[in-house]
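Spelled out from the first residue to the last, the chains are:
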Amino acid sequence: MIAFSTAIEALRLANRMLCWKSYDWRLASSDGNPVTASNGVEVSVNTSLTDERRMLAGRERPDMVFVCSGINVENFTDKSLLGWVREEHKRGVAVGGLCTGAYVLASAGLLSGRRCAIHWENLPGFQEKFPKADVYADLFEVDGNVWTCAGGTAALDMMLSLIAEDHDDNLINAICEQALTDRVRGPHDRQRLPLRARLGVQNVRILSIIEMMEANLSEPLTLLDIAEYAGLSRRQIERLFRQNMGRSPARYYLEIRLDRARHLLLQSSLPVIEVAVACGFVSASHFSKCYRELYGRSPQQERNERQDEAA
């Protein structure tokens, strides 16, 4: 809902500041019926895919189409919508994805070899599912006539970038003032809070080590490797982690690998053994043991519970 509403509001505010209708939009669903967002709000629409296919050949043909999706997008199976998105793109209509919409565009075969952005939470599963897509944890990406954003308020930044192609900075500044945002973020601004804010840690050496850990999940580094990189002794690193993180460096490293594994289990159909390997575990049994100790259930139970909820 955040990505959906901010994308539309950017266009509405542009029209209001210009005092004329530079942008027009309509909402479509697969069958023309209202759609319920994940927060329970029901959104009415103007057209169905059948209507949109008919309008594609006439004067009401759109200049651009955005697909908006949210949680559980990996279970999306509407072949009719995928076919419609491909048809729009083939006819020269620009296409875009809001929030996890990049997953839908990739499923339609439109992101192979293209730069794209998706929410950081969906990034691990997306990378495994669509290895040919050039995906980044950016706020938004524009590759030719394909636009994708990570969702949330990043939709506002992407739409402001789109509006900026048609109008000057005065309009962008006016929209920002109306929306009470103090700046337009660039496409490569970070999605997540900086580690310093996210973890509540100020020690620069700890933050540097954690960044290195997060960059090496599939092939974990040894504590000796980490010590050499940080220019510290193993004992110093152990002491720093226990003082700042409340656990040993080995334990912290294990937890972030298991967190990555959990995202893959919930957002991909990879076999458990492949999830284990992707997160640096040498065997499925060791992976399952560690996973159960942290989350209180096995990797397969985790996946089964999510599938039951989706059903």
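Residues numbered from 1 in each chain as written. Predicted model: local features only at pLDDT ≥ 70, side-chain atom pairs only at ≥ 80, totals over all residues. Heavy atoms only, no water.

Participant: Sorry, what's going on with the packing of helix α6 (residues 154-164) against helix α7 (residues 169-179) here?
Facilitator: Helix packing for two helices is described by the angle between their axes and how far apart those axes are. Running from amino to carboxyl end, α6 crosses α7 at an angle of 150°, the nearest separation of the two axes being 9 Å. The angle between α6 and α7 falls in the class roughly antiparallel. For the crossing formed where α6 meets α7, the hand is right-handed. Between α6, through Leu160, Ile163 and Ala164, and α7, the contact on the second element is made entirely by Leu171, Ile172, Ile175 and Cys176. Taken together, the residues of the contact of α6 with α7 sort by class into seven nonpolar, no polar and no charged. (Axes fitted to C-alpha atoms, helices over the stretch in contact; angles between N-to-C directions. Helix = DSSP H or I, 4+ residues; strand = E, 2+ residues; numbered from the N terminus. Parallel < 35°, antiparallel > 145°, perpendicular 65-115°, else oblique. Left-handed = near helix turned anticlockwise from the far one by under 90°. Contact = heavy atoms within 4.5 Å. Nonpolar A, V, L, I, M, F, W, Y, C, P; charged D, E, K, R; others polar.)

Participant: Looking at this structure, how should I read the pattern of salt bridges?
Facilitator: When the charged atoms of two side chains lie near each other, side chains of opposite charge can form a pair. Inspection of every chain in the model, using the stated rule, returns 14 salt bridges. When the shortest N-O distance is used, the salt bridge between Arg26 and Glu52 registers 2.7 Å. A residue pair is termed long-range when its members are at least 10 positions apart, and Arg26 in the loop between α1 (2-18) and β1 (28-29) and Glu52 in helix α2 (residues 49-55) qualify at 26 residues. A salt bridge links Arg53 to Glu87; its shortest N-O distance comes to 3.5 Å. Taken together, the residues span a long stretch of sequence, with Arg53 in helix α2 and Glu87 in helix α3 (residues 79-90) at a distance of 34 residues. Sharing partners across several salt bridges, the network here consists of Arg53, Glu87 and Arg91. (Salt bridge = Lys/Arg side-chain N within 4 Å of Asp/Glu carboxyl O.)

Participant: Even after reading the chapter, I still don't get the sheet that holds strand β10 (residues 146-149), so can you show me in this structure?
Facilitator: Strand pairing in a sheet is mediated by backbone hydrogen bonds. Such pairs are either parallel or antiparallel. Spatially, the four strands line up as an open sheet ordered β5-β6-β10-β9, and their pairing is mixed. Of all the strands in the sheet, the pair left with one neighbour each is β5 (64-69) and β9 (140-143). Strand-to-strand twist across the sheet, computed as the mean angle between neighbouring axes with direction ignored, equals 10°. As defined by bridge partners, strand β6 (residues 94-99) adjoins β10 across three bridges and the pair is classed as parallel. Across the sheet, residue Gly97 finds its bridge partner in β10, namely Thr148. (Pairing = 2+ DSSP bridges.)

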